[in-house]
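Topology and contacts: notes
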2 protein chains.
Amino acid sequence: MKKESKETIEKRSDCPISCTMDLVGDKWSLLIIRDLLYLGKTSYNEFLSSGEKISTNILNDRLVKLTEDGLITYTGTSKRKIYKLTKKGLDLKPILEAIAVFGIKHSCANKEFLRHVKKVMEL
Amino acid sequence: MKKESKETIEKRSDCPISCTMDLVGDKWSLLIIRDLLYLGKTSYNEFLSSGEKISTNILNDRLVKLTEDGLITYTGTSKRKIYKLTKKGLDLKPILEAIAVFGIKHSCANKEFLRHVKKVMEL
DNA sequence: AATTAAACTTGCAAAATGCAAGTTTAACTT
DNA sequence: AAGTTAAACTTGCATTTTGCAAGTTTAATT
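Residues numbered from 1 in each chain as written. Chains lettered and ligands numbered in written order. Predicted model: local features only at pLDDT ≥ 70, side-chain atom pairs only at ≥ 80, totals over all residues. Heavy atoms only, no water.

Attention now moves to the pattern of salt bridges. Overall, the coordinates contain 16 salt bridges over all chains when judged by the stated rule. A salt bridge links B:Lys11 to B:Asp14; the shortest N-O distance between them is 3.1 Å. Owing to a relative accessible area of 42%, B:Lys11 belongs among the partly exposed residues under this scheme. For B:Asp61, the salt bridge is made with B:Arg62, and the minimal N-O distance between the two is 3.2 Å. A residue is classified by how much of its surface remains accessible, and B:Arg62, at 14% relative accessible area, is buried. Several salt bridges converge on common partners, so that one network encompasses A:Asp26, A:Asp61, A:Arg62 and A:Lys65. (Salt bridge = Lys/Arg side-chain N within 4 Å of Asp/Glu carboxyl O. Buried < 20%, exposed > 50% of the residue type's maximum accessible area, 1.4 Å probe, protein only.)

Encoded structure:
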């Protein structure tokens, strides 16, 4: 018996910012999008191996939700699924970029990693 | 006895996107920032009255955390605090704008509300 | 058919959130 | 200056989400 991933998609308000946060405003979704956009990752195991150490149940849950929400799709069999962003998902790119710009300016991240990220993101 | 708002600020990785998500990647922080940036709200009760119905304990927790993280500050007494964004907090503006653009394109939000948001955000 | 490894599930502990009270505190009123 | 008001904040407990450490299923490969 599969658990339904979300019974009622609770929309907190009509504000477009709030709506977008209802879609991707959790700890993990945008990191999966980042993996797809910038790190060339396309499969379950590749997402799993990312530095932030997402756990398997959460990863599965997010992949289902992101698919349901039309941000990603996959091809291939259930043994090897290849995920990619939909058109709608690609529209998240400016958000990721703005987040990266902020992070590069204010974080924390080590210099070497930053050089790598900037190169990958063409910033 | 006050509860400490966050014992260890867990940083999941050195990725600037991940770092930024560790700061504001929760259900509520960016909505408070939105209130400050676009809706002219500056006080506890004004944040409370936003459409998404944040509860008082969460609002208090987020205001403390955002202050600790240097994204907002306040003036005034403990009876009437006036919050505003720091320079660092203002650097979140491009993120909010990108989120709004996505939300406006893809949501959900009703037409009237959208007109209002676009006007306020000067989009 | 047996093996392998990717994809997915399960069960339970820990943390975050939601809700409905309450209390504290400073300003405003007599 | 005592009493009232309302904004800011706390508390306790239920619910939900996340984290972790197993497991199982499934389709390619041998």
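A separate point is the relation of the copies chain B and chain A. Two chain copies here: they are related by a rotation about an axis and a translation along the same axis. Of the two same-sequence chains, chain B is brought onto chain A (RMSD 0.0 Å, axial shift 0.0 Å) by a rotation of 180°. In short, the pair behaves as if placed about a two-fold rotation axis. Comparing interface residues between copies, 100% of those in chain B also sit at the interface in chain A, which points to an isologous, same-surface contact. (Least-squares fit on C-alpha atoms with pLDDT ≥ 70 in both. Contact = heavy atoms within 4.5 Å.)

Before going further, it helps to spend a moment on the protein's contact with DNA strand D. Residues in close proximity to DNA strand D total 23 residues, the closest being A:Asn57, A:Arg62, A:Thr77, B:Asn60 and B:Lys81. Here a phosphate oxygen of DNA strand D and a side-chain polar atom of A:Trp28 are 2.9 Å apart. Within the side chain of B:Asn60, one N or O atom sits 2.6 Å away from a phosphate oxygen of DNA strand D. For the surface near DNA strand D, the leading source of residues is helix α4 (residues 56-68) of chain A, giving four residues. Across the surface near DNA strand D, the residue classes break down as five nonpolar, 11 polar and seven charged. (Near = heavy atom within 4 Å. Polar contact = N/O pair within 3.5 Å; in protein donor to acceptor, adjacent residues only side chain to side chain. Helix = DSSP H or I, 4+ residues; strand = E, 2+ residues; numbered from the N terminus. Nonpolar A, V, L, I, M, F, W, Y, C, P; charged D, E, K, R; others polar.)

Residues A:Ile17, A:Ile33, B:Ile17 and B:Ile33 are the most contacted members of the largest nonpolar core, which totals 60 residues. If sequence neighbours within four positions are ignored, A:Ile17 has contacts with B:Leu31, B:Arg34, B:Tyr38, B:Leu96, B:Ile99, B:Ala100 and B:Met121. (Core = buried A, V, L, I, M, F, W, Y, C linked by side-chain atoms within 4.5 Å.)

With 46 residues of chain B in contact, the opposing surface of chain A contributes 46 residues. Note on chain B versus chain A: buried area summed over both sides is about 3,700 Å², and carbon and sulfur give 72% of it. When the buried surface of chain B facing chain A is broken down by residue, B:Arg12, B:Ile17 and B:Phe102 rank first, second and third, together holding 20% of it. Where chain B touches chain A, the interface holds two salt bridges. Two residues, B:Lys105 and A:Asp91, come together in a salt bridge whose shortest N-O distance is 3.0 Å. Remark: the boundary between chain B and chain A carries 12 residue pairs in polar contact (both at pLDDT 80 or more). Elements supplying a minimum of two residues to the side of chain B that touches chain A: α1 (16-24), α2 (29-38), α6 (93-106) and α7 (111-121) of chain B. Here the residues of the side of chain B that touches chain A sort into 26 nonpolar, nine polar and 11 charged. (Buried area = accessible area lost by both parts, 1.4 Å probe.)

Attention now goes to the protein's contact with DNA strand C. The local shell around DNA strand C holds 23 residues, among which A:Thr56, A:Asn60, A:Lys81, B:Asn57 and B:Arg62 are the closest. Sugar plus phosphate: this is where 67% of the atoms of DNA strand C within 4 Å of the protein reside. The side chain of A:Lys79 places a nitrogen or oxygen atom 3.4 Å from a base nitrogen of DNA strand C. Contact distances for DNA strand C include 3.2 Å between a phosphate oxygen and a side-chain N or O atom of B:Thr77. Those elements giving two or more residues to the surface near DNA strand C turn out to be α3 (44-48) and α4 of chain A together with α4 (56-68) of chain B. Among the elements that take part in the surface near DNA strand C, α4(B) stands out by supplying four residues, more than any other.

Moving on, we get to the pairing of strand β1 (residues 72-75) of chain B. Residue and element names in this part refer to chain B. Here β1 pairs with strand β2 (residues 82-85) via four bridges, running antiparallel. Bridge pairing in β2 places Thr 75 opposite Ile 82. As consecutive antiparallel partners, β1 and β2 are separated by six residues, and within that stretch Gly 76 has a phi angle of approximately 90°, a positive value. (Pairing = 2+ DSSP bridges.)

Residues and elements named next belong to chain B. The N-to-C vectors of α6 and α7 enclose an angle of 155°; their axes lie 12 Å apart at closest approach. With respect to α7, the axis of α6 lies roughly antiparallel. For the pair α6 and α7, the crossing hand works out as left-handed. In this structure, α6 contributes Leu 96, Glu 97, Ala 100 and Ile 104 to the contact, and α7 contributes Leu 114, Lys 118 and Met 121. (Axes fitted to C-alpha atoms, helices over the stretch in contact; angles between N-to-C directions. Parallel < 35°, antiparallel > 145°, perpendicular 65-115°, else oblique. Left-handed = near helix turned anticlockwise from the far one by under 90°.)

Just distances and angles here, no functional claims.
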